[in-house]
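What the coordinates show
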Amino acid sequence: MRPFCALLFATSVAFAAVSPEEITPSKKAPFLQPAGAARGELHESIKTYMAKEPGTFGAHPAAADFPGIVEAKERVARKVVYDSNLVHRWDTTAGNAPNLATGPDAWQETGLYAAPGEVVIVKVASLPEHRVVKIIVGCHRDSLLKLDKWNRFPVINRTFELKVGDNKIANAFGGQLFIQSSHKDWRKPVKASPSAPLEFSNAVAMPTYVLGKDTPDTWMKAKQHPAPWVTLVGKHVILHVQASEAKKLTDPKALLEWWDKALALEGDLVALNRLAPERVVPDRQISAGFMHSGYPFMCWIEPSQKDSIDLPKLTKEGNWGFFHELGHNHQRRDWTFDGQTEVTCNFFSLYVMEKLVGKPQGRGHPAMEKIDELLAKRFAAEPNKGPFEQLATFVVLIRAHGWEPLRQTLRSYAAEPAPKGATKEQLQSLFALRYGKAAKADVSEYFEKMGYHVESTAKGALKGLPAFKPTLPTPAK
């Protein structure tokens, strides 16, 4: 029997010797990362593998398990006219960027898919001045390298910057083909410029549905395309779904209309000038949490993929998690303070749950059913600062004044952002002042109970308005 130290040494050597092609994790048989130096060496080998020149590699052995292979042999050539001016998801002039979750980003659909390991040629006649145009292969952009256990290969997304001429594009895992255009310096305004079509060849046709363009008949034909993933495009949202699930939909029209209403409500609450749709991507495994915000907004395939396209369930129950994570994409630092990152995103959950799903005011999550208990904890001698305890204090305002004062307050920052360099105390005071003016009530004392700093100038501006003194439950001891 070998000594224990010798066994450890042999194990680390074995791990360090693992090549990227040998890593084939699955849900049932995950890959466990090595520790120490072996982990760093493994990461470097993966990065090197994922940067290999197209044409020098084939399909990765794990691609068949996830995200899937293309069984059909048919390939297509297609010209795609892209919008080189689709640069920012956020209207930076209105103070929407950078927000708490994402910066400027946008992907344009091509309706095409790259088979794992196969080279797609993208022919470029010319490129707009002051723009960088890239091809993104695969919507699953989450890297799992920081996680100890992998249920899929940790990196399955690639990006290629285009040059004039023929560009070779390939990904060992395949994936949807997107076009991304960005300013060379996105902080500087650039005049709009025309775009020459991109010519794709040796690509796979991907089932795609575009709201307002496609019909049940065209969708029926599109479902026959062989790519393993499907794209459903609405005005405010884009859903990525495995073909095996999406093909069960007879007509995605009503589903996308529902999602558009949900996102329109979230945007309405903060007067967001949405320049590109939100993108929802289910993944075998994600980098953090049950879901996470960003572009794309990421969720686990189980159970969230089915939930994202189950219109009867969405209509009846809504989905707090979806509304919550997309709410993060609408937050502003001007009114989200320390300890509130998981609080103010739920303004959007409450709003959509009530306005679209029809839940009672202030409800929609099981935690909100016992609001008096939450308030008693929040206003206790030792205040509980949990997300639902803090959210409950805003429900008191909503029930007293309706949604309009809070809506007016949040929207006001689009037209009049907070002064640059303002302190947290000044921002809190400004929020209380704007809310009080919108509600036509002196809310100074209540906001101070909530833990906000309210300056004397704000108190003076609200003085004379009816004092807001709600009846609150007895604080918890």
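Remember, it's a predicted structure, so these values are computed and weren't measured experimentally.

So, about the overall build of the protein chain. In terms of regular secondary structure, the protein chain is built from 16 helices and 16 strands. Evaluated residue by residue, the protein chain yields a buried proportion of 55% over its 477 residues. Sequence-distant contacts in the protein chain: of pairs separated by 6 or more residues, those separated by 24 or more amount to 72%. Summed over all atoms, the accessible surface of the protein chain reaches about 21600 Å², with 54% contributed by carbon and sulfur.

By the alternation rule, side chains of strand β7 (residues 158-161) split into Arg158 and Phe160, which are all buried, and Thr159 and Glu161, of which none is buried. Relative to β7, strand β5 (residues 131-137) runs antiparallel, the two being bridged by four bridges. When the sheet's bridge partners are listed, Ile136 is paired in β7 with Thr159.

Glancing now at the environment of Pro54. Within the secondary structure, Pro54 sits in the loop between α2 (37-50) and β2 (76-80). For Pro54, a relative accessible area of 11% gives the class buried. Taking C-alpha positions, Pro54 is 7.5 Å from Asn171, a pair spaced 117 residues apart along the chain. Once residues lying within four places of it in the same chain are set aside, the contact partners of Pro54 are Val119, Phe160, Lys168, Ile169 and Ala170.

Looking now at helix α11 (residues 371-378). Structurally, the α-helix is built with 3.6 residues per turn, so residues lying three or four positions apart point the same way. The set of residues buried in α11 consists of Ile371, Leu374, Leu375, Ala376 and Arg378. In this fold, the buried residues of α11 make contact with α12 (387-401).

All right, on to the sheet that holds strand β15 (residues 291-292) then. In a beta sheet, neighbouring strands are held together by backbone hydrogen bonds and run either parallel or antiparallel to one another. Strand order in the open sheet formed by six strands is β11-β12-β13-β14-β16-β15, and the pairing between neighbours is mixed. Single-partner strands in this sheet number two, and they are β11 (208-210) and β15. Looking at chain direction, strand β12 (residues 229-233) and strand β13 (residues 237-242) are connected through five bridges and run antiparallel. In the strand pairing of β13, Leu232 is matched with Leu239. Strand contacts of helix α5 (residues 253-270): β11, β12, β13 and β14 (278-283), with the helix running at about 135° to β13, the strand carrying the most contacts.

Once that is clear, we can look at helix α13 (residues 404-415). Across its twelve residues, α13 extends 17 Å between first and last C-alpha, which sits within 8% of the 16 Å expected from 1.5 Å per residue. Within α13 the residues assigned to the buried category are Pro405, Leu406, Arg407, Thr409, Leu410, Ser412, Tyr413 and Ala414.

Assignment of secondary structure puts His240 in strand β13. Reaching out from His240, the side chain makes a polar contact with the side chain of Thr231 at a distance of 3.3 Å. Discounting chain neighbours no more than four positions away, the residues touching His240 are Glu109, Cys139, Gln176, Phe178, Trp229, Val230, Thr231, Arg279, Val280, Val281 and Pro282.

Of note, the bond from Phe66 into Pro67 is cis; its omega dihedral lies within 30 degrees of zero at 10°. That bond from Tyr295 to Pro296 is cis: its omega, 0°, falls within 30 degrees of zero. Position of Pro296 relative to the elements: it lies in the loop between β15 and β16 (297-300). At Asn202, a residue that is not glycine, the phi angle is positive and equals roughly 65°. Tracing the backbone through its elements, the reader meets Asn202 in strand β10 (residues 198-205). Exposure remark for Asn202: the relative accessible area of 32% places this residue in the partly exposed category. Its identity is not glycine, yet Ala271 carries a phi of approximately 55°, on the positive side. Summarising the element assignment, Ala271 is placed in the loop between α5 and β14.

Opposite charge on two side chains permits pairing when their charged atoms draw close. Within this structure, the stated rule accounts for 19 salt bridges. Between Lys47 and Glu44 there is a salt bridge whose closest N-O contact spans 4.0 Å. Of this pair, Lys47 and Glu44 both sit in helix α2, three residues apart, which is roughly one turn of that helix. Residue class for Lys47 comes out partly exposed when judged on its relative accessible area of 47%.

One finds Leu232, Leu239, Trp259, Phe347, Phe431 and Phe447 to be the most contacted residues of the largest nonpolar core, which totals 76 residues. If one sorts the elements of this core by residue count, α5 sits on top with nine residues. Each residue touching Phe347, except ones within four places of it in the same chain, is listed here: Leu269, Trp335, Leu391, Phe394, Trp403, Leu406 and Leu410. Counting 29 residues, the second-largest nonpolar core is a separate cluster that includes Ile46, Phe57, Val155 and Trp229.

With that settled, the discussion passes to the confidence of the model for the protein chain. With 90% of its residues at a pLDDT of at least 70, the protein chain reaches an overall mean of 91. With pLDDT under 50 throughout, residues 1-16 is counted as low confidence; its partners more than four residues away or in other chains account for nine contacts. Below a pLDDT of 50 lies the segment residues 88-104, which in the model reaches 59 contacts outside its immediate sequence neighbourhood of four places, other chains included.

Quick notes on the rules
Residues numbered from 1 in each chain as written. Predicted model: local features only at pLDDT ≥ 70, side-chain atom pairs only at ≥ 80, totals over all residues. Heavy atoms only, no water. Helix = DSSP H or I, 4+ residues; strand = E, 2+ residues; numbered from the N terminus. Buried < 20%, exposed > 50% of the residue type's maximum accessible area, 1.4 Å probe, protein only. Contact = heavy atoms within 4.5 Å. Areas by Shrake-Rupley, 256 points an atom, 1.4 Å probe, with all protein chains shown as cover. Pairing = 2+ DSSP bridges. Axes fitted to C-alpha atoms, helices over the stretch in contact; angles between N-to-C directions. Expected span 1.5 Å × (residues − 1). Polar contact = N/O pair within 3.5 Å; in protein donor to acceptor, adjacent residues only side chain to side chain. Salt bridge = Lys/Arg side-chain N within 4 Å of Asp/Glu carboxyl O. Core = buried A, V, L, I, M, F, W, Y, C linked by side-chain atoms within 4.5 Å. pLDDT = per-residue confidence, 0-100.

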